[in-house]
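Report on the structure
Here is how the chains run, residue by residue.
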Amino acid sequence: MFYSLAAEYVQQLSPYQPGKPIDELERELGISEIVKLASNENPLGPSPLATEAVNQALQQLARYPDGNGFNLKQVLAAKLMLDTDQITLGNGSNELLELIARAFLTPEHEVIFSQHAFAVYPIVTQAVGATARIAPASDGSKWPRWGHDLDALASLVSPKTRVVFIANPNNPTGTYLPNIDLEQFISALPKKTLCVIDEAYFEYVDQPDYPDATLWLDKFPNLIVTRTFSKAYGLAGLRIGYALSNPEIADLLNRVRQPFNNNHLALVAAENAIVDTEHLAKSVSINQQGYKQLAGFVMNLQLEWIPSVANFITINFKREAMPIYQGLLQRGVIVRPVANYEMPDFLRVSIGTLEENQLFMKALTDTLADV
Ligand SMILES: *Cc1c(COP(=O)(O)O)cnc(C)c1O
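Everything quoted here is computed from the prediction, not taken from an experiment.

**A short note on the sheet that holds strand β10 (residues 312–316)**
Pairing is antiparallel across the open sheet formed by four strands, whose spatial order is β9-β10-β13-β12. Bordering the open sheet on either side are β9 (304–306) and β12 (336–337), each of which pairs with just one other strand.

As structure tokens, this is what we get:
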């Protein structure tokens, strides 16, 4: 009965499907040595500076957090050479995507994103009754196969288009769009169309033609860049991310957010994590080694994968991948099925420590002998 009371677009929503939690598989299998390579977390965890600061901050739990995130904004502004009034902090960058939708979208508006793009874009769009227009993925001729096709995205732009979401690199494909092409795309958008460049995996990317979209903020007032502490900074459990934009956009996002959307521990952890460049460099280096290890293995199996610049690798089994996912689960390894991204033949595997990758490789070899 209550279903019918919700707005029709809410009734038709499908909830986000997270990676399977370790505890859940432990309960199901009754074993304790689980390897989780399902949510693109940093296998090294956060900087020890962040953990230490969180320990200290446990003394202050009775107090409300700083609702304006003064300290973190100072550190971010200095690092990015932006003004603090260009920064919006969010409970994960997911929250920022939601705030953008809440601030700018109504049922009259359209939102554009790509096929196989991050699953949160359709959810935040539909949750406010706006209409999603989905561009087909690239066929591989101009941009990487399975990734974004900028021409297809541009062809959907109309006077109703209020927001374009682009993940660069994209999840779950690991593909990226190069500097010149992306800059041209944004400059050709109508000034009233906001372009959100989601850089959740920014810190991992090492390609010379990969753009840092924050450098375009002066040039494109309709640009919003989102980043997160959940991936390379290893703080997924605390939920903290940030958006960088024109101050007017930041002011609007600030109006629709909860007063204390970022908790004290998350703020303190992020402030300390961001200065530990050594830990970040180590995390990126482990990831590069792991990528080589996994790509080499996948090649030996004569399977295809989508070349990735992020901290995961998406493998094409060229047959229904669900039985393989199940076989891996039975062997204590959690990866991510991506059938909900219209990629039923693929599994997305987060890059772990070299040992975790080894355990995955063993489990996959055993599974493939079996199914
Ligand atoms: C993981 C991810 C996010 C980050 O989510 P948080 O809410 O910051 O944890 C955002 N965008 C993409 C494309 C992602 O893969």
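**Side note on helix α10 (residues 264–273)**
Where burial is concerned, most of α10 is hidden: eight out of the 10 residues are buried. Residues of α10 that are buried include every one of Leu265, Ala266, Leu267, Val268, Ala269, Ala270, Glu271 and Ala273, and no others. Residues of α10 that are buried sit in contact with α3 (48–57), α4 (70–80) and β2 (87–90). The backbone nitrogen of Leu265 has a side-chain oxygen 2.9 Å away, supplied by the residue at the start of α10, namely Asn263.

**Observations regarding the packing of aromatic side chains**
Considering all chains together, one arrives at 13 aromatic pairs under this definition. Seen from their ring centres, Tyr201 and Phe312 are 5.3 Å apart, and the 70° between their planes marks the pair as edge-to-face. One end of the pair, Tyr201, is in the loop between β6 (194–198) and β7 (223–228); the other, Phe312, is in strand β10, and 111 residues separate them in sequence. Summarising the burial analysis for this pair, Tyr201 and Phe312 share the class buried. An aromatic cluster of three or more residues is present, and its members are Tyr16, Phe113, Phe118, Tyr121 and Phe165. Against the face of Trp146 rests Arg145, its NZ or CZ located 4.0 Å from the ring centre.

**A word on the nonpolar core**
One finds Ile166, Phe185, Ile186 and Phe229 to be the most contacted residues of the largest nonpolar core, which totals 55 residues. Beyond its immediate sequence surroundings of up to four residues, Ile186 is in contact with Cys195, Ile197, Trp216, Phe220 and Leu223. Formed by 32 residues, the second largest nonpolar core is a distinct cluster that contains Ala119, Val124, Phe165 and Tyr341.

What counts as what
Once a new chain begins, its residue numbering starts again from 1 and follows that chain's sequence as written. A pLDDT threshold of at least 70 governs which residues receive local features in this predicted model, and a stricter bar of 80 or more applies before side-chain atom pairs are shown or counted, although totals over entire chains, interfaces and linings include all residues. As a rule here, side-chain values come from all non-hydrogen atoms in the structure, and water together with hydrogens is ignored. Pairing between two strands requires that DSSP report at least two bridges joining them. What counts as a helix is a DSSP run of H or I of at least four residues, what counts as a strand is a run of E of at least two, and both are numbered from the N terminus. Each residue is placed in one exposure class: buried if its accessible area under a 1.4 Å probe, protein chains only, is under 20% of its type's maximum, exposed if it is over 50%, and partly exposed if it falls in between. Any two residues whose heavy atoms approach within 4.5 Å at even a single point are treated as in contact. Here a polar contact is recorded for every N or O atom pair within 3.5 Å, except that within protein the pair must consist of a potential hydrogen donor and a potential acceptor, and residues adjacent in sequence are included only if both atoms are side-chain atoms. When the centres of two rings from Phe, Tyr and Trp lie within 6.5 Å, Trp using its six-membered ring, the rings pair. Their planes under 30 degrees apart give stacked, over 60 give edge-to-face, and anything left gives tilted. Comment: the charge-over-ring label is applied if NZ (Lys) or CZ (Arg) is within 6 Å of the ring centre and within 35 degrees of the ring normal. What makes a nonpolar core is a set of buried Ala, Val, Leu, Ile, Met, Phe, Trp, Tyr and Cys residues whose side-chain atoms join them at distances within 4.5 Å.

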